[in-house]
Each structure stands twice: as structure tokens, then as C-alpha cells.
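The chain contents come next:
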Amino acid sequence: MSALPSRFLYLCLHFLVLYFQLQESQQTTADFRFYIENHTRNPDDLSRKQVRIYQLYSRTTGKHVQILGKKVNANGDDGGKYALLVVETETFGSHIRIKGKESEHYICMNEKGKIVGRPDGRKQECVFVEEFLENNYTALVSAKYKGWYLGFNRKGRPKKGSRTTQRQQEVHFMKRQPKGRPDPLEEFRFTTVTKRTRRARRLKPNPKRN
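Quick notes on the rules
Numbering of residues begins from 1 in every chain and follows the order in which that chain's sequence is written. pLDDT decides what is reported in this predicted model: residues at 70 or higher carry local features, side-chain atom pairs at 80 or more are listed and counted, and totals for whole chains, interfaces and linings draw on all residues regardless. To get the side-chain values, all heavy atoms of the structure are used, and hydrogens and water are removed first. UniProt positions are given in the numbering used here, feature names are shortened, and annotations may be inferred rather than shown by experiment. Whenever a pair of cysteine sulfur atoms sits within 2.5 Å, that pair is classed as a disulfide. Numbering goes from the N terminus for both helices and strands, where a helix is a DSSP run of H or I of at least four residues and a strand is a run of E of at least two. Categorising residues by exposure relies on relative accessible area from a 1.4 Å probe, with only protein chains included: less than 20% of the type maximum marks a residue as buried, more than 50% marks it as exposed, and the intermediate range marks it as partly exposed. Note that patches include only residues with greater than 30% relative accessible area and no salt bridge, and the join distances are 9 Å for like charges and 5 Å for nonpolar side chains (Val, Leu, Ile, Met, Phe, Trp, Tyr). Per-residue accessibility takes into account occlusion by the displayed protein chains alone, with areas from the Shrake-Rupley method and a 1.4 Å probe. Salt bridges are defined by distance alone: a side-chain nitrogen of Lys or Arg within 4 Å of a carboxyl oxygen of Asp or Glu. Residue-level confidence of the predictor is what pLDDT reports, using numbers from 0 through 100. Should any heavy atoms of two residues lie within 4.5 Å, those residues are considered in contact. Two N or O atoms count as a polar contact when they lie within 3.5 Å, although within protein this holds only if one can serve as hydrogen donor and the other as acceptor, and sequence-adjacent residues are included solely when both atoms are side-chain atoms.

The chain goes by Fibroblast growth factor in an unreviewed UniProt entry, where it is assigned to Gasterosteus aculeatus aculeatus. The record in UniProt for the chain states the following under Subcellular location (unreviewed entry): "Secreted". Under the heading Sequence similarities (unreviewed entry), UniProt records this for the chain: "Belongs to the heparin-binding growth factors family."

Written out as C-alpha cells, the structure is:
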């Protein structure tokens, strides 16, 4: 008879432990769900768009892509104001939107494959996907019309997207910094020594000396 109370007590303790484990699991799930909803509703800096400014050098024309309002061509000079492009890209991905810094128009591709400039770049027609090629060039394919690339002929005129392929030189571009503007990575590679820095070094006490 003495074994029954002990067994009953053991079962009670066992169910009590299971109860607390279940409560803890529900609380963890609720906290995780709140974390996901909160970060989805209010994205932090890591999920925001990145903005870069550079030029797109055309392999065909030897010049740069420029946005002249509604018209887009690849006859821009190095450092030209219409050749400066503001490229908006997602942090986790290669989807980009290209806007002219001067004209404030986006490069878009309509349903006929024609390249046009538009003041509103929020539509899917204005989104391109970067494809990095083996020859250090970059190709830009439409995110909406699969297999249609941004390209220009030898005269710098836009090609229809339906007549382009990745292997064509007309769709090959290279990212370049504007003329007279140093590469951002080069600015941190060397430290400029001036008379002021030399003077500061001479006046700086040496802790090794007594």
C-alpha cells in the first residue's frame, strides 16, 4: 500500500514538469512571433536600400550610359552630368534601379522591349538584375521581362530587349567612377602626410624615453 502514494506523487511531479515546459514553449513561440512581426513592420538599417553613384561604361560605344529625361543613350562623356547614375539596390540581392542624377529619370523597359526614361521608378519595368560576367563586365537583365537585357548599339542607341542576349557586347557594361573622382576604396588605402602631421609626430612624446 505504501507504493501507491509514492507512484501517485511521482506522476503528479511528472505532469507538473510537463506543464511548465509547455508554458515555456508557448512563451518562446509568442516572443519569436512578436520579434518577426516587429522587425518586418519596422525594418532596421540592414534591410534598407543602398544608394551608390557611378557611371556605366558601354563596351560597344566606349562611352557612358546617360539619361536625358525620356531618352537614354550610351554616348555620355566621362564625368558628364547626365552620365552620373544613382543606383538603388537592395542590401540582400542584385535587383537595382538606375536613376540619372541630373535628370532624375529612371531607366525602364516597356512591354515592347524599348528603353525609356521615366520619373517614377517604382514599377517592376524599372528594375534590373545584375549579372556578373567572366570578362569583368556586368549585364543588366530586366526583372519583369526575362531574358531581355539593357543594351546599346554602336551608335549609342538603345536596343530592343527582345533582340538581346547575354553574349552580345552591346549588353556589357563596366562600373566606373566619374572623371576626377577617386575610387572610394583608394581613399582609405594610403594616409596623406602633411606638414601638420609631421609636426604633430615630432611633438608627440615617446613613452620609451625616460
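What the rule picks out here adds up to one disulfide. The partner cysteine of cysteine 108 in its disulfide is cysteine 126, sulfur to sulfur 1.9 Å. Handedness of the cysteine 108-cysteine 126 disulfide follows from its S-S torsion of about 95°: it is right-handed. You can see cysteine 108 sitting in strand S6 (residues 106-109) and its partner cysteine 126 sitting in the loop between strand S7 (115-118) and strand S8 (128-132), a full 18 residues away along the chain. Both residues of the pair, cysteine 108 and cysteine 126, count as buried.

A cluster of nonpolar side chains, namely Leu9, Leu13, Leu16, Tyr19 and Phe20, defines an oily patch on the protein surface of about 530 Å² accessible area. Relative to the helices and strands, leucine 9 is located in helix H1 (residues 3-41). Leucine 9 sits in the exposed class, given a relative accessible area of 52%.

Residues at a pLDDT of 70 or more form 68% of the chain, whose mean pLDDT is 80. Taken together, the stretch residues 34-47 has pLDDT below 50 and engages in five contacts with residues farther than four places along the chain or on a different chain.

A relative accessible area of 0% means that cysteine 126 is categorised as buried. Separated by 19 residues in sequence, cysteine 126 and isoleucine 107 have C-alpha atoms that sit 6.0 Å apart. Once residues lying within four places of it in the same chain are set aside, the contact partners of cysteine 126 are Ile96, Arg97, Ile107, Cys108, Asp120 and Gly121.

The next thing to look at is the environment of histidine 105. Looking at the element boundaries, histidine 105 is found in the loop between strand S5 (95-100) and S6. In this structure the C-alpha to C-alpha distance between histidine 105 and lysine 70, which are 35 residues apart in sequence, comes to 7.2 Å. Filtering out sequence-adjacent residues up to four positions away, histidine 105 remains in contact with Ile67, Gly69, Lys70, Ile98, Lys99, Gly100, Gly117, Arg118 and Pro119. Among the polar contacts listed, one links the side chain of histidine 105 to the backbone oxygen of serine 103, at a separation of 2.9 Å.

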